[in-house]
Amino acid sequence: MNSFFLNNPVFKSDVSISHQEQVLLLGSCFTENIGEKLTNHKFKATTNPFGIIYNPISLANALHKIIEGNTYTENDLTQHQTKYVSFDHHGSFSSFDKTECLDKINKELKSAHKQLPNTKTIIITLGTAWVYELIGSNKIVANCHKIPAKQFNKRLLSVDEVVFAFDKIIDQLKNVNVVFTVSPVRHISDGLYENNISKSVLHLTIHQLTNKHNNCHYFGAYEMVMDELRDYRFFKEDMIHPTSQAIDYVWEKFADTYFKKKKKTLNQKIEKIISAAKHKPFDFKSEAHQKFIADQLNQMDELTKNHSFLNFEKEKKEIQQF
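Small disclaimer: the values here were computed from a predicted structure and weren't measured. (Residues numbered from 1 in each chain as written. Predicted model: local features only at pLDDT ≥ 70, side-chain atom pairs only at ≥ 80, totals over all residues. Heavy atoms only, no water.)

1. Comments concerning the nonpolar core
- Grouped together as the largest cluster of nonpolar side chains are 73 residues, with contacts concentrated most on Leu38, Phe180 and Phe254.
- Ignoring anything within four residues of it in the chain, the contact list for Phe254 reads Ile17, Ile34, Leu38, Ile123, Phe219 and Phe259.
- Membership of the second largest hydrophobic core comes to 13 residues, among which are Ile270, Met300, Leu303 and Ile319. (Core = buried A, V, L, I, M, F, W, Y, C linked by side-chain atoms within 4.5 Å. Buried < 20%, exposed > 50% of the residue type's maximum accessible area, 1.4 Å probe, protein only. Contact = heavy atoms within 4.5 Å.)

2. What to know about helix α9 (residues 287–306)
- Taking 1.5 Å as the rise per residue, α9 with 20 residues should run 28 Å; its terminal C-alpha atoms sit 29 Å apart, in good agreement.
- Burial in α9 covers these residues: His289, Ile293, Gln296, Leu297, Met300 and Leu303. Across the axial projection of α9, the buried residues extend over an arc of 125°, all falling on one side. Of the exposed residues in α9, those oriented more than 90 degrees away from the buried face are Glu287, Ala288, Lys291, Lys305 and Asn306.
- Looking at the buried positions of α9, the neighbouring elements they touch are α8 (261–277) and α10 (313–320). (Helix = DSSP H or I, 4+ residues; strand = E, 2+ residues; numbered from the N terminus. Expected span 1.5 Å × (residues − 1). Arc of directions from axis to C-beta.)

3. A short note on the packing of α8 against α9
- Axis separation between α8 and α9 bottoms out at 11 Å; the angle between their running directions is 145°. Note that α8 runs across α9; the crossing there is left-handed. Residue-level inspection shows Leu266, Lys269, Ile273 and Ala276 of α8 in contact with α9, the latter providing Phe292, Gln296, Gln299, Met300 and Leu303.
- Along the lines of polarity and charge, the residues of the contact of α8 with α9 split into 6 nonpolar, 2 polar and 1 charged. (Axes fitted to C-alpha atoms, helices over the stretch in contact; angles between N-to-C directions. Left-handed = near helix turned anticlockwise from the far one by under 90°. Nonpolar A, V, L, I, M, F, W, Y, C, P; charged D, E, K, R; others polar.)

4. Observations regarding the sheet that holds strand β9 (residues 177–182)
- Strand order in the open sheet made by the 5 strands is β2-β1-β5-β9-β10, with parallel pairing throughout. Looking at which strands have only one partner, the edges of the open sheet turn out to be β2 (44–47) and β10 (216–218). Each adjacent strand pair in this sheet contributes to an overall mean axis angle of 20°, direction not counted. (Pairing = 2+ DSSP bridges.)

5. As for the state of the cysteines
- Under the counting rule described, the total for this entry stands at 0 disulfides.
- Here Cys101 stays free of any disulfide, with the sulfur of Cys144 as its closest cysteine sulfur at 16 Å. (Disulfide = S-S within 2.5 Å.)

6. With respect to the side chain of Thr119
- Within the element layout of this structure, Thr119 appears in strand β5 (residues 119–126).
- Polar contacts involving the side chain of Thr119 include one to the main-chain carbonyl oxygen of Gln115, which spans 3.0 Å.
- The contact partners of Thr119, leaving out residues within four places of it in the chain, are Gln22, Val23, Leu24 and Val176. (Polar contact = N/O pair within 3.5 Å; in protein donor to acceptor, adjacent residues only side chain to side chain.)

7. A closer look at the sheet that holds strand β7 (residues 139–141)
- Across the sheet, 3 strands lie side by side as β7-β6-β8; this open sheet has antiparallel pairing. Only two strands of the sheet have a single neighbouring strand rather than two, namely β7 and β8 (152–156). Between one strand axis and the next, the sheet turns through 40° on average, direction left out of account.
- Across 3 bridges, strand β6 (residues 130–134) lies against β7 in antiparallel orientation. Within the sheet, the bridge partner assigned to Tyr132 lies in β7 and is Val141.

8. Quick notes on the pairing of strand β1 (residues 22–27)
- With 6 of 6 residues buried, β1 lies mostly within the body of the structure.
- Going residue by residue along β1, you find Gln22, Leu24 and Leu26 tucked away on one face and Val23, Leu25 and Gly27 tucked away on the opposite face as well.
- With 4 bridges joining them, β1 and β2 adopt parallel strand pairing. In the strand pairing of β2, Val23 is matched with Ala45.

Coordinates in, geometry out; function isn't part of it.
Right, here's the structure in full:
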């Protein structure tokens, strides 16, 4: 018995993620963390084509849009002061130029739609069950874009309406594994009690969806951070967002759950190459460093020879830069 650490056992999932298959990630900023890890390890990962989204209804809407592939028009935009915004998207898509805004939105949408037939796994990280509805249309928005609060109603989603929003979509994705996670990032602006109520709604929703659909699964990132690590030293200075150490911990558990042994070994080799490419030598022209570069280039070529789906062009440029 470990008296100082609460350990949640990791079980190997039936879902196996490989470098050859497309992965789509949607959701909160915690999605960005896992998406970045996948991309850095040379997986074909598309992360948040609608930008960071926290609430499940907007995420279900985004996934529906990706499936349908219908592009946005100027009628889908709202002009706030001098900026054009989409209530379905993160603020990073907003622009002072209407055409530029639509181009950014539709470029990401088309790319995600095009990749969907090759997508075997979709990872959805739910952040909060609190939503903002636009008064007049009752539209649940993904982002308020700093529009005055008086134009929105704030309310808590019910489990039933979130399950209903995902049911039909998941039926369309019968050949795709949908992995749900709950973000460990607390929305303290809602209040700590309100945040706990919100996370409960999300957990109950996922519980229903995983019991109802064979292709739905749950990855316990929330429990890993909140119950296993359970210490503020694993959070950044805001005491809300996990540190890189906490993210690494979750990533290791993620790898244990969804990667086969050979894939984990390959990831370790990729990590070493990426780390070596970022190395800044004291003397670039020294014989020792030139030999180091040659050795690394040989390792990259050897890996790509055995694994044609890998590409180290970025690392080759980095390591040869003076």
